[in-house]
Amino acid sequence: MNHRKRLLAAFAALVLSGAVWYGWQWVTAPQYDSSKTVSYSFVLRNASNRVLEHAEFRTYLPVRQTAAQACCERVEVSQPYTLESDDLGNQVLRFGFDRMPPYGVKLIRVTAQLRMNSQPNKFWRFLPDRYLQPEPLIESDHPAVQAAAANLLAGEPAQTLRGIYDWVVNNVRDIGYVRDERGALYALQQRQGDCTENAYLFTALARANSVPARAVAGYVLDDNGLLRAAAYHEWAEFDDGGIWRIADPQKRNYDDRYSSYVGMRLVDNRPDATFKFSRYQFNGEGLEVDME
């Protein structure tokens, strides 16, 4: 009986701590110590003098869950939509409009309240094998990337990752926004790029050293606010025993400022990826879109 009571007490303690049963073990449920409200909007225009019979538009809702973010406590969208998702946790709002009049305009505004945490939560584990593989623009299997990664390999994974971060910071020149993504190999060989190339190169070098890593796209803001196109950003995250930690060479941030990073997309460049667009995607003859 005493043994049974001890088991029940232990079970109750786990439940009260927020632990959950996952993969044949107890894992502490994610914790959040703050919230953040973000909003963003788009203007869709039929730029032609003809009725646009059908138009489609898709954009991201913040990622369902990252190490320090959960979406969403509240979502408000100004137009009817359907929600799509993939196995990574990406979420996409899909809109359809029939018979847009000549020069007609549609406004889409999204407001989302997120739960945030100042430190990364542990996840056990979220597709780590996927984040060890090469993919387009993250060429971790290229001989040049492999050679650079070998030169940065240290005695402990933590030393290796910090060394990769420092090397990218000190050797890749930030040239400002570039419309076309050029990838990790380009950044390594040309020693230049924007935030995307910085993130891709860190990710490729980490993967080449057998550390799961990924690129994340979104925004960096300390408070509630409006997400603007010019502030769109990409950074890297690496797996540290089930914790995804931030490495952002372009903004000189390593394992810090977690509650400022709003993830909109976990980047997946594989040919069979569900979502491969960046901020938004649309189709319709004569349709024009601007993010306000």
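Fair warning: this is a prediction, and the values are worked out from it, not measured in the lab.

Analysis parameters
Residues numbered from 1 in each chain as written. Predicted model: local features only at pLDDT ≥ 70, side-chain atom pairs only at ≥ 80, totals over all residues. Heavy atoms only, no water. Helix = DSSP H or I, 4+ residues; strand = E, 2+ residues; numbered from the N terminus. Buried < 20%, exposed > 50% of the residue type's maximum accessible area, 1.4 Å probe, protein only. Contact = heavy atoms within 4.5 Å. Polar contact = N/O pair within 3.5 Å; in protein donor to acceptor, adjacent residues only side chain to side chain. Salt bridge = Lys/Arg side-chain N within 4 Å of Asp/Glu carboxyl O. Phe/Tyr/Trp six-rings, centres within 6.5 Å; stacked < 30°, edge-to-face > 60°. Lys NZ or Arg CZ within 6 Å of the ring centre and 35° of its normal.

Following the sequence through the fold, arginine 58 ends up in strand S4 (residues 52–61). Classification of arginine 58 as buried rests on a relative accessible area of 18%. Residues arginine 58 and phenylalanine 277, 219 residues apart in the sequence, show an inter-C-alpha distance of 9.3 Å. Not counting the four nearest positions on each side in its chain, arginine 58 is found in contact with Glu84, Val92, Leu93, Arg94, Phe275, Phe277, Tyr280 and Gln281. Within polar-contact distance, the side chain of arginine 58 engages the side chain of glutamate 84 at 2.9 Å.

Let's shift gears to the pattern of salt bridges. Following the criterion strictly, the structure yields 16 salt bridges and no others. We note a salt bridge from aspartate 222 to arginine 257, for which the minimum N-O separation is 3.0 Å. Taken as a pair, aspartate 222 in the loop between strand S12 (213–220) and strand S13 (225–226) and arginine 257 in the loop between strand S16 (253–254) and strand S17 (261–266) lie far apart in primary sequence, 35 residues in all. Beyond isolated ion pairs, a larger network of salt bridges with shared partners links Glu56, Arg58, Glu84 and Arg94.

Below, the discussion takes up helix H4 (residues 183–190). With respect to burial, H4 is a largely interior element, six of its eight residues being buried. Regarding H4, the residues found buried are Gly183, Ala184, Leu185, Tyr186, Ala187 and Leu188. Remark: arginine 191 follows H4 within two positions and exhibits a positive phi of approximately 55°.

The next thing to look at is the packing of aromatic side chains. Evaluated as defined, the whole model comprises 16 aromatic pairs. Ring-pair connections join several aromatic residues into one group, and the members of that group are Tyr40, Phe42, Phe57, Tyr81, Phe95, Tyr280 and Phe282. Its guanidinium or amino end placed over the ring of tyrosine 131, arginine 214 lies 5.7 Å from that ring's centre, counting from NZ or CZ. One cation-aromatic arrangement involves arginine 214 over tryptophan 244; the distance from NZ or CZ to the ring centre is 4.1 Å.

With that settled, consider the side chain of aspartate 239. With respect to the helices and strands, the residue aspartate 239 is situated in strand S14 (residues 233–240). Within the structure, the side chain of aspartate 239 is placed 3.0 Å from the backbone nitrogen of glycine 242, a separation counted as a polar contact.

For the rest of this paragraph, the subject is unusual backbone geometry. Along the chain, cysteine 71 connects to cysteine 72 via a cis peptide bond; the corresponding omega equals 5°. With respect to the helices, strands and loops of the structure, cysteine 72 is situated in strand S6 (residues 69–77). For arginine 99, which is not glycine, the phi torsion reads 55° and is therefore positive. Turning to its location among the elements, arginine 99 is positioned in strand S8 (residues 91–100). Even without being a glycine, leucine 137 presents a positive backbone phi close to 75°. With respect to the element layout, leucine 137 can be found in the loop between strand S9 (105–116) and helix H2 (143–152). Among the residues examined, leucine 137 registers a relative accessible area of 22% and is labelled partly exposed.

All we've got here are geometric facts, nothing functional implied.
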